[in-house]
Number of protein chains: 6
Amino acid sequence: MENDRMKQGLDKLMEYTLSTNDDISTHLKISDDLEEIAPDVGKYIIEFAYGDIYSREGLTNQQRALITLSSLITQGTEPQLELHINTALTSGLTPKELVEAIMQLIPYTGFPRVLNALTLAKKVFNQRELEVKEAASN
Amino acid sequence: MENDRMKQGLDKLMEYTLSTNDDISTHLKISDDLEEIAPDVGKYIIEFAYGDIYSREGLTNQQRALITLSSLITQGTEPQLELHINTALTSGLTPKELVEAIMQLIPYTGFPRVLNALTLAKKVFNQRELEVKEAASN
Amino acid sequence: MENDRMKQGLDKLMEYTLSTNDDISTHLKISDDLEEIAPDVGKYIIEFAYGDIYSREGLTNQQRALITLSSLITQGTEPQLELHINTALTSGLTPKELVEAIMQLIPYTGFPRVLNALTLAKKVFNQRELEVKEAASN
Amino acid sequence: MENDRMKQGLDKLMEYTLSTNDDISTHLKISDDLEEIAPDVGKYIIEFAYGDIYSREGLTNQQRALITLSSLITQGTEPQLELHINTALTSGLTPKELVEAIMQLIPYTGFPRVLNALTLAKKVFNQRELEVKEAASN
Amino acid sequence: MENDRMKQGLDKLMEYTLSTNDDISTHLKISDDLEEIAPDVGKYIIEFAYGDIYSREGLTNQQRALITLSSLITQGTEPQLELHINTALTSGLTPKELVEAIMQLIPYTGFPRVLNALTLAKKVFNQRELEVKEAASN
Amino acid sequence: MENDRMKQGLDKLMEYTLSTNDDISTHLKISDDLEEIAPDVGKYIIEFAYGDIYSREGLTNQQRALITLSSLITQGTEPQLELHINTALTSGLTPKELVEAIMQLIPYTGFPRVLNALTLAKKVFNQRELEVKEAASN
């Protein structure tokens, strides 16, 4: 049954990861780092976070990506925020939706966390060669 | 033009507030409290938070409610969290979607914040006489 | 194999819980609350938190209790902090050790979080009829 | 020389405490709570916080009160925030200045922390029978 | 009336910004970053933060700078903290007052946040070629 | 008596610091930074943090190191976290115990803070040429 959780987690993780893009290599790099000193953490991320939680019914991948982003922006935890701007885009959210999601947090976290998130978003948009201008067209 | 922001903010706030329910009285109670010592804060909430930010295009009310909830759970800021569990329900999110949204945060905030949010969610579901059992059926 | 994680988690949870004391009822009360709206969260706490993490080798129960307490004090997440003051005592830490652990955080969190934790510790010591005076004898 | 730190701390603490008001009893109540399980924490608050830090030159009592309030609002650490709304008033800040100070944090913490602080401020103003209405007249 | 808020915000922002110093370019750089993906955020900072909030009566620019600094140090939000060490100096606070303000937070945030703030303060003092030694002379 | 606190603090600090390792130079570097603009902060760290708090009876150096690490991971305050991964190792905790301590926080802070701490731990293990592989062998 454990094998099922691992398989389910990997399948779900794939849905958030571009095979042609460097965010998969970011995921793998994190795995490499962990492999040496704490291999079980990577296992827990796949089995528990992606296999148990992300794989639940009731919310779309895009909804889960928005919830995750909002929490990471509120905490200010980089570089995980950068990683999940990537997974949010891969889940199908548009750059414009991401920018709006970040701006929605101004009344709840204040400007500093929002400015830091926008800086990271711009960096990711550039890496993925997204039309960033389009993101701003409200 | 200021009047426009106030009007737009009030209109938007209405979309998140049940007229037949006590969450509108909760909103009004907050206004009462503020009226005495800081009346402009209520004005800023309506004009800036609801008039400027919530009224922007690009995300649905339900998406904005999810983002807001996620930030408040992450911060642990009660009683605002209770208020926005109400606005999330009024925006059309189901009890089940709310519970799933809260659970999505386990890998990002740990269990304690999630448990506190679930306790509040249960309280609000009871107040609104929602079929809570149904919320759990995954 | 899932059944193993559940069993391992329950066994480990027992080691942190007094059968003759009301902290087990606190645990059960939390379970009751969750049962209605989010039954799987209780399952994740037992299988993942206690079954996977707490059951790992390499640290004693008392070390894990200290680490947990320190994080909860730093976050200020009540009522989970109260619960884990109980589990820390059941793991074998003395009241005096707990008070010292809380005081060790003054240079890292400042006084407010520490004062709140001491207030909760005193409440738990009283509930368990521990010789609180003894706790203070440095 | 230690005695000097204790004396200096007590003298400084007096400047922030009304003898005719219940905020001194709040201070004493905290001391009572601590006395039993962690008497040295009260000593550290007086010797280190008030004796070493608050007693330094270079800032007025009112400036130190503003800095302290801002940090406690940002952290959301009650009941210490309530205590320091009292010490801020005793240091000579007016209710209006306090309300403005709290509102200055909207762009940096968002509305939730600010609303919680205003609720506490109103409670303290009422306890001290301050003309709260006057506080709002911008 | 919107134009008034923009004008008032810009006027107020000028009071916190040295025209001969690179902190204005820092402000502009942030604007450049935002211009591409979220131009309205810059507008909100000027209209809401500086036009509505900073422009209120009842506190001096220096008091508002102290409150802002204290919140940013408590949150640990760089690089905004660096920016506001600059605006605090431009508002007329001396390097010595800034250092004292940072030290006042030791009892409320612990040493780590304070040490990080002091490192940034030293960097800014060097950039502005301020007599840092003088700042330390208590 | 003050001299006693300084001496006691320095003695205690030595117990957490390798003379043959670069973490002592890290400690000294911090002192250098502070010396110029806030010399008393270094004094407070030694006299208050190490002289008063760390020197108390009732917990071992290793217990205090675990408590400190847990708080810094929860706060995400780098570079102090890196420094205290070093002091934890010097106090006698093994790399494996450190990794386990970090992993114990997954249920209480979520994965992002834990991943950042593991990245720093790996960096420190490499600097101290510790057998990192061994750390992972659960």
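A.B. asks: Can you help me understand the overall build of chain A in this one?
C.D. replies: If you tally the helices and strands in chain A, you get 9 helices and 0 strands. Reading the helices (α) and strands (β) of chain A from amino to carboxyl end gives α-α-α-α-α-α-α-α-α. Counted over contacts in chain A with a minimum sequence separation of 6, partners at least 24 positions apart contribute 71%.

A.B. asks: Help me understand the packing of helix H5 (residues 80–90) of chain A against helix H8 (residues 111–127) of chain A in this model?
C.D. replies: When two helices pack together, their arrangement is given by the angle between the helix axes and the distance between those axes. All names here are of chain A. Relative orientation of the contacting elements H5 and H8 amounts to 55°, with a least axis distance of 9 Å. By the angle between their axes, H5 is oblique relative to H8. Crossing hand, H5 versus H8: right-handed. The residues of H8 that touch H5, namely those facing Leu-81, Glu-82, Ile-85, Asn-86 and Leu-89, are Ala-117, Leu-120, Ala-121, Lys-123, Val-124, Phe-125 and Gln-127.

A.B. asks: Just checking my understanding: could you explain the interface of chain A and chain B for this structure?
C.D. replies: Between chain A and chain B, the residue contacts involve 34 residues of the former and 34 residues of the latter. Taken over both partners, the interface formed by chain A and chain B buries close to 3,000 Å², and the fraction arising from carbon and sulfur atoms is 61%. Together, Ile-67, Gln-104 and Tyr-108 of chain A form the three largest contributors to the area buried by chain A at its contact with chain B, with a combined 22%. Linking chain A with chain B are 4 salt bridges. Inspection of the chain A/chain B interface yields 18 residue pairs in polar contact (both at pLDDT 80 or more). At the level of elements, helix H3 (39–54), helix H4 (61–75), helix H6 (95–104) and helix H7 (106–109) of chain A are the ones that each hand at least two residues to the side of chain A that touches chain B. No other element matches H4 of chain A, which puts 10 residues into the side of chain A that touches chain B. For the side of chain A that touches chain B, the class distribution of residues is 17 nonpolar, 11 polar and 6 charged.

A.B. asks: So what exactly am I meant to see when it comes to the packing of aromatic side chains here?
C.D. replies: By convention here, two paired aromatic rings are described through the distance between centres and the angle between planes. All chains considered together, the criterion is met by 39 aromatic pairs over all chains. Plain terms: the ring middles of Tyr-44 of chain D and Phe-48 of chain F are 5.6 Å apart, the flat faces sit at 85° to each other, and that makes the pair edge-to-face. Here Tyr-44 of chain D, found in helix H3 (residues 39–54), pairs with Phe-48 of chain F, found in helix H3 (residues 39–54), and the two come from separate chains. Taking relative accessible area as the criterion, Tyr-44 of chain D reaches 5% and is therefore assigned buried. In textbook terms, an aromatic cluster arises when at least three aromatic residues are bridged by ring pairs, as seen for Tyr-44 and Phe-48 of chain A, Phe-111 of chain B, Tyr-44 and Phe-48 of chain C together with Phe-111 of chain F.

A.B. asks: What's the story with the relation of the copies chain A and chain B in this structure? I'm lost.
C.D. replies: The relation between the two chain copies is a rotation about an axis coupled with a shift along that axis. Least-squares fitting of chain A to chain B yields an RMSD of 0.0 Å, with the transformation described by 0.0 Å of translation along the axis and a rotation of 180°. Here the two chains are linked by the operation of a two-fold rotation axis. Residue by residue, 100% of the interface of chain A is reproduced at the interface of chain B, so both copies engage with the same surface.

A.B. asks: Would you explain the pattern of salt bridges in this entry?
C.D. replies: Any two side chains of opposite charge can pair, on the condition that their charged atoms come close. Residue and element names in this part refer to chain C. Tallying each qualifying case throughout the model produces 63 salt bridges over all chains. Notably, a salt bridge pairs Glu-47 with Arg-5, separated by 3.3 Å at the nearest N-O pair. Of this pair, Glu-47 sits in helix H3 (residues 39–54) while Arg-5 sits in helix H1 (residues 2–15), and the two are 42 residues apart along the sequence. Pair check on accessibility: Glu-47 and Arg-5 agree, each one buried. Between Asp-52 and Arg-5 there is a salt bridge whose closest N-O contact spans 2.7 Å. Note that Asp-52 is positioned in helix H3 and Arg-5 in helix H1, a separation of 47 residues in sequence.

A.B. asks: Looking at this structure, I do not really get the side chain of Ser-91 of chain B. What am I missing?
C.D. replies: Residue and element names in this part refer to chain B. Residue position: Ser-91 is located in the loop between helix H5 (80–90) and helix H6 (95–103). Overall, the relative accessible area of 12% leaves Ser-91 in the buried class. Among all residues touching Ser-91, those that are not within four sequence positions of it are Tyr-16, Asn-61, Gln-62 and Ala-65.

A.B. asks: Whenever I open this one, the relation of the copies chain B and chain D confuses me. Can you help?
C.D. replies: Its rotation angle being 120°, the transformation that places chain B on chain D also includes 0.0 Å of axial translation and leaves an RMSD of 0.0 Å. This pairing of chains is accounted for by a three-fold axis.

A.B. asks: Looking at this structure, how should I read helix H3 (residues 39–54) of chain E?
C.D. replies: At 3.6 residues per turn, the α-helix brings residues three or four places apart onto the same side. With 16 residues, H3 of chain E should cover 22 Å at 1.5 Å per step; its first-to-last C-alpha distance of 21 Å lies within 8% of that length. For H3 of chain E, the buried fraction is high: 13 of the 16 residues fall into the buried class.

A.B. asks: Teacher, can you tell me more about the packing of H3 of chain A against H3 of chain C here?
C.D. replies: Between H3 of chain A and H3 of chain C, whose axes approach to 13 Å, the crossing angle comes to 175°. It follows from the interaxial angle that H3 of chain A and H3 of chain C lie roughly antiparallel. The residues of H3 of chain C that touch H3 of chain A, namely those facing Tyr-44, Phe-48, Asp-52 and Ile-53 of chain A, are Tyr-44, Phe-48, Asp-52 and Ile-53 of chain C. Here the contact of H3 of chain A with H3 of chain C is composed, by residue class, of 6 nonpolar, no polar and 2 charged.

A.B. asks: How do you make sense of the confidence of the model for chain A when you look at a structure like this?
C.D. replies: If pLDDT is low for a region, its predicted coordinates should not be looked at in detail. All names here are of chain A. Predicted confidence across chain A gives a mean pLDDT of 87, with 83% of residues reaching 70 or more. Counting contacts from residues 134–138, a segment whose pLDDT is below 50, to residues more than four positions away or on other chains yields 15 contacts. Of the two predicted TM-score estimates for the complex, the pTM is 0.93 and the ipTM is 0.90.

A.B. asks: Explain the interface of chain B and chain D here, please?
C.D. replies: The accessible area lost on association of the parts is a frequent measure of interface size. Taken together, the contacts link 19 residues of chain B with 17 residues of chain D. Together, the buried faces of chain B and chain D total about 1,600 Å²; carbon and sulfur atoms form 70% of this surface. For the chain B face of the interface with chain D, the top three residues by lost area are Glu-36, Ile-37 and Gln-80 of chain B, together amounting to 40%. Remark: the boundary between chain B and chain D carries 1 salt bridge. The residue Glu-36 of chain B makes a salt bridge to Lys-122 of chain D at a minimum N-O spacing of 3.5 Å. The interface formed by chain B and chain D contains 4 residue pairs in polar contact (both at pLDDT 80 or more). Going through the elements one at a time, helix H2 (22–37), helix H3 (39–54) and helix H4 (61–75) of chain B are the ones with two or more residues in the side of chain B that touches chain D. Here the element with the most residues in the side of chain B that touches chain D is H3 of chain B; it accounts for 7 residues.

Calculation notes
Residues numbered from 1 in each chain as written. Chains lettered and ligands numbered in written order. Predicted model: local features only at pLDDT ≥ 70, side-chain atom pairs only at ≥ 80, totals over all residues. Heavy atoms only, no water. Helix = DSSP H or I, 4+ residues; strand = E, 2+ residues; numbered from the N terminus. Contact = heavy atoms within 4.5 Å. Axes fitted to C-alpha atoms, helices over the stretch in contact; angles between N-to-C directions. Parallel < 35°, antiparallel > 145°, perpendicular 65-115°, else oblique. Left-handed = near helix turned anticlockwise from the far one by under 90°. Buried area = accessible area lost by both parts, 1.4 Å probe. Salt bridge = Lys/Arg side-chain N within 4 Å of Asp/Glu carboxyl O. Polar contact = N/O pair within 3.5 Å; in protein donor to acceptor, adjacent residues only side chain to side chain. Nonpolar A, V, L, I, M, F, W, Y, C, P; charged D, E, K, R; others polar. Phe/Tyr/Trp six-rings, centres within 6.5 Å; stacked < 30°, edge-to-face > 60°. Buried < 20%, exposed > 50% of the residue type's maximum accessible area, 1.4 Å probe, protein only. Least-squares fit on C-alpha atoms with pLDDT ≥ 70 in both. Expected span 1.5 Å × (residues − 1). pLDDT = per-residue confidence, 0-100.

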